[in-house]
Amino acid sequence: TSQLLINTCRGDDTLFALLVVGTRLVTIVQPSNPSSQLHTSDLHLILTFVGKQPGLLTNEVWFPICLPRFDSSGFLYAYTSCLDPVHTGLSIVLISGNNSTEQFKVFHSASDAVRKNLGLPPLSIARTSLSTSISSTRDDKNSTSNWGGVQDDTDSYSDGSDDDSERRGSILSRISASGNVVNTSGMAPRPRLGERQLSMTNYVRSKSKRVEEKETTQDSPFITAVKIASLPRQQEDIMRQYLELASAVHFTFRCDIYVQGSSGTSTEGMLTQCFGPPLSFPFIDTRSQRKVWDIYQRLSLRLRLGSSSVETCYDALDMFQVQHDSNNMIGNISNDCPMQSLLESPPNVHGVTYMQEDNEWLYVGLNGKFFELYATLPATVKPREGTAYCARLVRKLMGDERLLFLSNPLTWNS
């Protein structure tokens, strides 16, 4: 799919091309110059902003966006369109520094080309399919409800007169006007058993026909793979496998992968990716979840500075400020957000650290040249055993790199 983006979206004014599902990155193509490649925080900003757009499923969106790590002094312009609104929500994001109408048309044509190469229907048909799918679901529910109501009313029908006779006559007169036969007494004849069975058979056949039409529509292999990978059960099974390997209740893993340049050679740029399950039981409220992330941050500072104390952090921030002043870097993130710059700088040496809180949980942090792992384990696990379990988890995750991560990110010159 990366090569598909290169072939269909390459242009003089195209900076970045992404395929995303919600807030998850599927693939990305970016410039070969490392200084022009997306920083992790900018990529996270794009994914969060695009993934939360309520109208993305049914509309093309063209909007300005500021990426502070790329250029904090101006705006870029992003085009987004949902390629598969019915099944997966797969969307394309194209970013340029050109905000002209012509550039929008170029991105629109590129989006159509990608959609066609993936075997997906045109945007107009996809929108119709989405509307039809929603309407069909509502009709099925209404049809089921109406059939039950008709059956109940028929079974409870009585030939005797009652207080509702006038209302019945009014309804039946409307039925008669629509072409149905009404008996001489002004009352509708009670349907025979065979007629009921015929009506029910027609209803079932109409539903079966719609189901068969859906089943005969074959998805492309790529869409099928995305659909399977997005299944909640599939994700839960994968996460459970890694959690059990480390005897952990939660972990977050970050790895850096070289961006591929021309002829398959690696550039100096790195694409940072993260993997891990969401916080769940027993961390179900905001306060407990925030506590876990705060401890992970403290472990991160320990790995970088040797300590997470306030004094050590201030010394490190002063160091960033001195480097900024000596290099005369205007608008650099070290000046505006020094704490962010500190946390994003990789540790200088390999390290392991841990914390125990309230004799209930063991928090472990360890890092290598291209990775960091933070995990939460029960306090019944001893620190030495916990770090060994986490090291085993890292080896497994690194071994599954091609399955879990975008292991070969490309540039426009690849």
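Residues numbered from 1 in each chain as written. Predicted model: local features only at pLDDT ≥ 70, side-chain atom pairs only at ≥ 80, totals over all residues. Heavy atoms only, no water.

A. A look at the environment of Arg-392. As for its position among the elements, Arg-392 is in helix 14 (residues 383–399). With a relative accessible area of 34%, Arg-392 lands in the partly exposed category. Put simply, Arg-392 and Ala-246 are 146 residues apart on the chain and 7.1 Å apart in space, counted from C-alpha to C-alpha. A polar contact of 2.7 Å, which involves the side chain of Arg-392, links it to the backbone oxygen of Leu-245. (Helix = DSSP H or I, 4+ residues; strand = E, 2+ residues; numbered from the N terminus. Buried < 20%, exposed > 50% of the residue type's maximum accessible area, 1.4 Å probe, protein only. Polar contact = N/O pair within 3.5 Å; in protein donor to acceptor, adjacent residues only side chain to side chain.)

B. Broad picture of helix 8 (residues 221–229). Along helix 8, the residues classified as buried are Phe-222, Ile-223 and Val-226. Angularly, the buried residues of helix 8 cover 95° about the axis, an arc narrow enough to put them on a single face. Along its buried surface, helix 8 packs onto strand 1 (14–21), strand 2 (24–30), strand 4 (76–84) and strand 5 (90–96). (Arc of directions from axis to C-beta. Contact = heavy atoms within 4.5 Å.)

C. Layout of the packing of aromatic side chains. Taken as a whole and judged by the stated rule, the model has 16 aromatic pairs. Between Tyr-79 and Phe-104, the ring centres sit 5.5 Å apart and the planes meet at 70°, which makes this aromatic pair edge-to-face. Of this pair, Tyr-79 sits in strand 4 while Phe-104 is found in helix 4 (residues 101–117), placing the two residues 25 residues apart along the sequence. You can call Phe-104 partly exposed: its relative accessible area is 25%. Ring geometry for Phe-253 versus Phe-405: centroids 6.1 Å apart, planes at 45°, classification tilted. (Phe/Tyr/Trp six-rings, centres within 6.5 Å; stacked < 30°, edge-to-face > 60°.)

D. Unusual backbone geometry, seen in detail. Across the junction of Phe-281 and Pro-282, the peptide omega takes the value 5°, indicating a cis bond. Here Pro-282 shows up in the loop between strand 7 (266–275) and helix 10 (286–305). For Ser-247, which is not a glycine, the phi torsion comes out positive at approximately 55°. Along the chain, Ser-247 turns up in the loop between helix 9 (232–246) and strand 6 (250–260).

E. Spotlight on the side chain of Gln-30. Relative to the assigned elements, Gln-30 resides in strand 2. We classify Gln-30 as buried; its relative accessible area is 1%. A polar atom in the side chain of Gln-30 sits 2.8 Å from the backbone nitrogen of Leu-38. Non-local contacts of Gln-30, meaning those with residues more than four positions away in its chain, are made with Leu-15, Phe-16, Gln-37, Leu-38, Val-259, Leu-271, Leu-410, Thr-411 and Trp-412.

F. Inspection of the packing of helix 1 (residues 2–9) against helix 4 at higher detail. It is at 9 Å that the axes of helix 1 and helix 4 come closest, and there the two elements cross at 140°. Comparing the axis directions of helix 1 and helix 4 gives the class oblique. Helix 1 and helix 4 meet at a crossing whose hand is right-handed. Where helix 1 abuts helix 4, its residues Leu-4, Leu-5, Thr-8 and Cys-9 lie against Ala-110, Ala-113, Val-114 and Asn-117. (Axes fitted to C-alpha atoms, helices over the stretch in contact; angles between N-to-C directions. Parallel < 35°, antiparallel > 145°, perpendicular 65-115°, else oblique. Left-handed = near helix turned anticlockwise from the far one by under 90°.)

G. View of the pattern of salt bridges. Under the counting rule described, the total for this entry stands at seven salt bridges. Among the ionic pairs, Arg-254 bridges to Asp-256, the shortest N-O distance being 2.7 Å. Both residues of the pair, Arg-254 and Asp-256, belong to the buried class. Across the salt bridge formed by Glu-357 and Lys-291, the nearest N and O atoms sit 4.0 Å from each other. Here Glu-357, found in strand 8 (residues 351–357), pairs with Lys-291, found in helix 10; they are 66 residues apart in sequence, far enough to count as distant. We classify Lys-291 as partly exposed; its relative accessible area is 35%. Connected through salt bridges with shared partners, the residues Arg-254, Asp-256, Arg-304 and Glu-372 form a single ionic network. (Salt bridge = Lys/Arg side-chain N within 4 Å of Asp/Glu carboxyl O.)

H. The arrangement of the environment of Cys-82 in detail. Relative to the helices and strands, Cys-82 is located in strand 4. Its relative accessible area of 1% is what places Cys-82 among the buried residues. Note: C-alpha distance between Cys-82 and Leu-123 (41 residues apart in sequence) is 8.3 Å.

I. Summary view of helix 10. In this model, helix 10 (20 residues) spans 28 Å end to end at C-alpha, consistent with the 28 Å of a helix rising 1.5 Å per residue. When we look at burial in helix 10, the residues that qualify are Ser-288, Val-292, Ile-295, Tyr-296, Leu-299, Ser-300, Leu-301, Leu-303 and Arg-304. Two or three places before Arg-287, at the start of helix 10, stands the capping residue Asp-285, its side-chain oxygen 3.2 Å from that residue's backbone nitrogen. (Expected span 1.5 Å × (residues − 1).)

J. Region of the structure containing the packing of helix 9 against helix 14. Two numbers describe how helix 9 lies on helix 14: the axes approach to 7 Å, and their chain directions differ by 145°. From helix 9, Gln-241, Tyr-242, Leu-245 and Ala-246 reach across to helix 14, where they touch Tyr-389, Arg-392, Leu-393, Lys-396 and Leu-397. Class assignment of the residues belonging to the contact of helix 9 with helix 14 gives a composition of six nonpolar, one polar and two charged. (Nonpolar A, V, L, I, M, F, W, Y, C, P; charged D, E, K, R; others polar.)

Structural measurements only, silent on function.
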